[in-house]
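Residues per chain, in single letters:
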Amino acid sequence: MNQNMSIMVVDDELVVRESLYHWFDREDYHVETASSGDEALKKLMKSNFDVLFVDMKMPGMSGFELLKKTKELYPDAAVVIITAYGSIDTAVKAMKAGASDYLLKPFKPDQLSLVMEKVLRQKKMNDEYTYLKGQLSKNNRFNDIIGESDAMKKVYSMITEVAKTDAPILILGETGTGKELVAKAIHAKSLRCSFPFVPINCGALPDSLLESELFGYNKGAFTGANQNRKGFLEVVSGGTLFLDEIGEISQKMQVDLLRVLQDKKITRLGDTRQIDIEFRLLSATRQNLDEKIVSGDFRNDFFYRINIISIEIPPLRNRREDIPLLAQHFLNKYSQETTRKIEKIDRNAMKYLIDYDWPGNVRELENAIERAVVLTKSKTISLDDINFLKPSSSNSLISKNASLKDMEREHIKKILEDNNWNISNAANILGVSRSTLHRMIKRHHLRK
Amino acid sequence: MPSNGFSLGIQPIGEIDNFFLKVITGSFLGELSIKTFILPPLKSPEYAFNKRKIQYDAGLIINRMEKMKFPEYTKIIGIIDADLFIPVFSYVLGEARMKGRCAIISLFRLENNPERMAKVALHEFGHLMNLKHCQEKGCVMKFSNNVEQLDSNFSFFCEYCIDQLNYLLKK
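Caption draft 1: Structural context of helix 3 (residues 114-128) of chain B. Residue and element names in this part refer to chain B. A rise of 1.5 Å per residue sets the reference length of helix 3, with its 15 residues, at 21 Å; its end C-alpha atoms lie 21 Å apart and thus fit the reference within 8%. In terms of burial, helix 3 is a largely internal element, 13 of the 15 residues being buried. Of the residues flanking the end of helix 3, it is Asn130, one or two places downstream, whose phi is positive at about 80°.

Caption draft 2: Structural view of the interface of chain A and chain B. Tallying the contact residues gives 19 residues for chain A and 19 residues for chain B. Between chain A and chain B, the buried area comes to about 1900 Å², and carbon and sulfur atoms account for 59% of it. Summed over the shared surface of chain A and chain B, the number is 3 salt bridges. A salt bridge links A:Asp28 to B:Lys132, with the shortest nitrogen-to-oxygen separation between them at 3.6 Å. When contributions to the side of chain A that touches chain B are tallied by element, the ones reaching two or more residues are helix 1 (14-26) and helix 5 (109-140) of chain A. Looking at the side of chain A that touches chain B residue by residue, the classes come out as 9 nonpolar, 4 polar and 6 charged.

Caption draft 3: Structural detail: empty space enclosed by the protein. Overall, the coordinates contain 1 cavity of 30 Å³ or more when judged by the stated rule. Approximately 220 Å³ is the volume found for the largest cavity. Contributing to the lining of the largest cavity are 21 residues, with B:Gly94, B:His123, B:Glu124, B:Phe143 and B:Ser144 lying nearest its centre. Counting residues per element, the ones that place at least two in the lining of the largest cavity are helix 1 of chain A together with strand 7 (89-92), strand 8 (94-96) and helix 3 of chain B. Of all the elements, helix 3 of chain B adds the most residues to the lining of the largest cavity, at 5 residues.

Caption draft 4: Representation of the sheet that holds strand 2 (residues 30-34) of chain A. Residue and element names in this part refer to chain A. If you trace the 5 strands from one edge of the open sheet to the other, you get 2-1-3-4-5, paired in parallel fashion. Here the strands that pair on one side only, and so sit at the sheet edges, are strand 2 and strand 5 (101-105). Here the strands of the sheet are splayed against their neighbours by 20° on average, with no regard to which way each runs. Examined bridge by bridge, strand 1 (residues 6-10) and strand 2 share 5 bridges and lie parallel to one another. The partner of Met8 across the bridge, within strand 2, is Glu32. Across the sheet, helix 3 (residues 63-73) touches strand 1, strand 3 (51-55) and strand 4 (78-84), and the angle it forms with strand 4 is around 175°.

Procedures and definitions
Residues numbered from 1 in each chain as written. Chains lettered and ligands numbered in written order. Predicted model: local features only at pLDDT ≥ 70, side-chain atom pairs only at ≥ 80, totals over all residues. Heavy atoms only, no water. Helix = DSSP H or I, 4+ residues; strand = E, 2+ residues; numbered from the N terminus. Expected span 1.5 Å × (residues − 1). Buried < 20%, exposed > 50% of the residue type's maximum accessible area, 1.4 Å probe, protein only. Contact = heavy atoms within 4.5 Å. Buried area = accessible area lost by both parts, 1.4 Å probe. Salt bridge = Lys/Arg side-chain N within 4 Å of Asp/Glu carboxyl O. Nonpolar A, V, L, I, M, F, W, Y, C, P; charged D, E, K, R; others polar. 1 Å grid on protein atoms, 1.4 Å probe; cavity = no way out; pocket = protein on both sides within 12 Å on 5 of 7 lines; lining within 4 Å. Points joined across faces, edges and corners; volume = space filled by probe spheres on them. Pairing = 2+ DSSP bridges. Axes fitted to C-alpha atoms, helices over the stretch in contact; angles between N-to-C directions.

That is the geometry; function is a separate question.
Quick look at the structure:
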């Protein structure tokens, strides 16, 4: 039971060392002894010890000196000072210098048990603290968002800026660009970070289900509502609600959510009582909401409510300089996960990855690297390992001597996709007016 | 019963009531099927007496016992009716070294209770056989430093300890 704990008894008296050694040995601890401070430091250099029992009075290096050196070099090791009656002042001094506890010689075995319990409790708390601190700093970094390009630096700076505010944010970006990661980073850096982050994919839920998931329901509200259930808007209380694919929600749901954002109150389905709620809304979409407003599919007032600030995540093809970094990151990740020691991606394969258009963005790159790691037969990923990546449609058409009409269609489609179907931008790039572009879209039967 | 000629000697040190010696013999026979032999009593160990503490040093007594020549006994448990200590602890109810040959138990703090004595003897015997302290509730190998803790333990080994002990006894 105690085998994971390692103890060192440091005392110049053999009988003390032996007594404590036998006691700890019987308690099933891993125990070693040292007859001087120097010997103890040598042992500390070689292996880890969780607890040191150190006699205060030793010839040469005193127990106090050993305590100070141990705390300086191995702060995680707990030190318990053993001292004789009459040297309580020294014990107090030792406690101030970082000792976990002290024992006055001779002591009852009970006292030693109590000290060990206390040290173990302290160690457990320290371990938990270190773990949680690590987790927290992990959350605070842009840990899972990778990229050093200027475009991504702008995104990082936006995240830092908007995290401080409580304004609703609309995150824009193609599929696979990492919209949820940006939302998580905003939440982690905000004052709400200790409250829940609740992500909901609106595109994945039918309207009626989304309504009951968001607002909750009372028993009997509809067939199958066998018990009262809190909705995500209640669960999120104080935290951040992330609505992904917000462009997919119905007009009715837009009205309901608009009311919630204005009144900060909800009513569960099948209930009449209003419940006060408090949360921050982050939304994301890959669609062009401007277009949806024009076509009448998205409410103007709701759009302005959720789009106080927007962050646009660039597609991977617009930040190709990040591809080697991302590829290496995913290579390390999947090499570790699959325990296949794949060391690198060769030059030709990397060039191909950089030139590839990545319609599925970072997610597609991640999947490609995972697949290559699993399938490769060597320690280096070569072009053969990624030949499942087909060149983008425009490139393939060029190589196939396509007709002018096909070329025009593919080019317009590519420019539209590159610009997230923003008609004004695409028309600008193509050098035509918006109405001409609309006509071309119609003529070529292009659709999002 | 151990088949490989295992033998346990009980060594009275100073004056020990015959009743306690019978209880200890019965305990080892009943719990472990080990036949014990009562050795001729030794004199009170003045060499181990500490005048300042008014106690006997358990370590010194064990050292002396280990030097005695009783080749016919695999292990020996000494019994003394005096208060024992070891250098770091103010008192001990018994003392044994892991895998050692000799152990000592004291009747001094057991308030003339033979059942408690049997528990301490079985516990120290466990250490002589290389058993460590057990965390199983009630097991006689669970650490106890006073009569209250001792009373909360049974006078037998838990299933894990007895398995291990039987294995070690047959080795």
